[in-house]
Amino acid sequence: MSIVISVPAETRIGEKRVSLVPDIVKKLASTAISVHVQSGAGEHAGYSDDDYAAAGAQICQDDNLLATADVVLTVNPLNNDQLQKLRENCILIGYQNPWTDTSRFEQLRAKQVSSLSMEMVPRISRAQAMDALSSQASIAGYKAVLIAASLSGKFFPMLTTAAGTVRPSKVLIIGAGVAGLQAIATARRLGSMVEAYDVRAAVKEQVESLGAKFVDIDIKAEGSGGYARELTAEEKQKQQDILARHVAAADVVICTAAIPGKASPRIITTDMVNAMKGGAVIVDLAAEGGGNCELTQAGEIVVHQRVTIYGPVNVPATVPNHASELYAKNLFNLLALMVRDDALVVDLEDQIIRDSLITHGGEIVNAAVRERMQAGN
Ligand code: NAD
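Keep in mind it's a predicted model, so treat the numbers as computed, not measured. Here, residues in each chain are numbered from 1, in the same order as that chain's written sequence. Predicted model: local features are reported for residues with pLDDT of at least 70 only, side-chain atom pairs are reported and counted for 80 or more only, and whole-chain, interface and lining totals are derived from all residues. The side-chain numbers reported here are obtained from all heavy atoms of the structure, hydrogens and water having been left aside.

S.K.: Explain the site of the ligand to me, please; I cannot follow it from the model alone.
M.R.: It suffices for a single heavy atom of a residue to lie within 4 Å of a molecule or strand for the residue to be listed as near it. Surveying the vicinity of the ligand reveals 24 residues, the closest of which are R123, D131, V178, D198 and R200. Only the protein chains shown count as cover for residues, and the accessible areas themselves come from Shrake-Rupley with a 1.4 Å probe. Considering the ligand on its own, with 830 Å² of exposed area, one finds that the protein chains cover 86% of that surface. Gly falls in the polar group here, along with every residue not listed as nonpolar (Ala, Val, Leu, Ile, Met, Phe, Trp, Tyr, Cys, Pro) or charged (Asp, Glu, Lys, Arg). Counted by class, the shell around the ligand contains 13 nonpolar, 7 polar and 4 charged residues.

S.K.: Honestly, the environment of E222 in this entry has me stumped. Any pointers?
M.R.: Runs of E in the DSSP output that reach at least two residues are strands. Runs of H or I that reach at least four are helices, and both are numbered from the N terminus. Position of E222 among the secondary structure elements: in the loop between β11 (213–214) and α8 (233–249). Spatially, the C-alpha atom of E222 lies 8.2 Å from that of A202, the residues being 20 residues apart in sequence. Here E222 is in contact with V199, R200, A201, A202, Y227 and R229, once residues within four sequence places are set aside. Contacts were defined at the residue level, with two residues in contact if any of their heavy atoms lie within 4.5 Å.

S.K.: Help me understand a nonpolar patch on the surface, please; the structure alone is not making it clear to me.
M.R.: Residues Y142, L146 and L190 make up a contiguous nonpolar surface patch of about 220 Å² in total accessible area. Looking at where L190 falls in the secondary structure, it is placed in the loop between α6 (178–189) and β10 (193–197). Here a patch means residues that are over 30% exposed by relative accessible area and free of salt bridges, tied together within 9 Å if like-charged and within 5 Å if nonpolar (Val, Leu, Ile, Met, Phe, Trp, Tyr). Any carboxyl oxygen of Asp or Glu that lies within 4 Å of a side-chain nitrogen of Lys or Arg is treated as forming a salt bridge with it.

S.K.: Can you walk me through the environment of L331 in this structure?
M.R.: With respect to the helices and strands, L331 occurs in helix α10 (residues 320–335). Any residue under 20% of the maximum accessible area for its type is buried, any over 50% is exposed, and the rest in between are partly exposed; the area is computed with a 1.4 Å probe on protein chains only. On the accessibility criterion, L331 (0% relative accessible area) is buried. In this structure the C-alpha to C-alpha distance between L331 and R354, which are 23 residues apart in sequence, comes to 16 Å. Non-local contacts of L331, meaning those with residues more than four positions away in its chain, are made with S19, L73, T74, I93 and M118.

It is worth stressing that arrangement in space is one thing and function is another; only the former is reported here.
This is the structure in structure tokens:
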């Protein structure tokens, strides 16, 4: 009997990604694995049912494919209807929103589902090829610069024309993690002058190697697992005092600073926006976590004193073809840890599996999620 891997169509509004792409279906489909894809699942990402069928998938007309799956692969968490249909004892892999919405985990636990959260994949070298937060952040960083360039009334590059010379735009990137570094590279490719700031002093070299200037504030806030820690009130004040000058000089500010599981740090105050040039643009990738700018409203364009502040949500879904390709590769690499000799194994000895699991064997196995559920959050 073969392992059935199912790919439902995503139901989140505005979602255009799909969890598996035909190239990965081709790699998976074999005598031991059958891949079932819901009709239309890849349509918005540029993949037709015919593409999936040609790669060896079986196309299913509705989401009943959830009831027969050994493994379900998603981008976003399943909705209530889908959860009802999900087969008991199966494996579910995708984003699970473990920090914001724990209500679904009780249903997954009761169905004895082994649910793995792509947000919980540990940041160790062996897991890099499975790290969807990184693959999707990189896409968001790239797209944020394109969004900013189209909202700005200025060129990014320096241009010398018969009518005169135009100075390049000054771009400030706040947060130089995966998204921030990609934003720096993209803004540089467009020819702008780039400055970047991060609380992790270790990124200074990476910023400079991309041709940007590092704004040094002398705060070292390296936390665990490659993440930043929260700043103290005194550190926040110091950060704001120095950053204010750089924000005021910028034509474009791209915010990417986040602390997983916590509200995004407020870095740009209304006073700082008031001091910006007319026509300046802020694109706040931290909008879904509350925003790095005090004036950010998730999903909205706000114009405040001639400064445009946009907090786009689900940016990777706006580059759905490549975002799905990279995400599917992340899933494929994670699946490779579980498919052994044509059977599925949830190996709790493997740190990647252990850290990523939220429910398993009828238990909530992730301690942080369990504590939040017990506290009623
Ligand atoms: P993230 O999305 O959590 O945060 C984005 C950036 O914002 C980070 O660089 C963080 O330091 C910064 N930040 C947080 N609070 C800030 C503040 N108050 N002011 C300014 N900046 C602030 O992080 P990320 O981009 O996903 O990853 C961070 C780092 O983790 C990467 O650069 C990398 O070194 C490491 N990483 C390792 C692996 C792995 O080994 N598998 C995978 C992914 C990332």
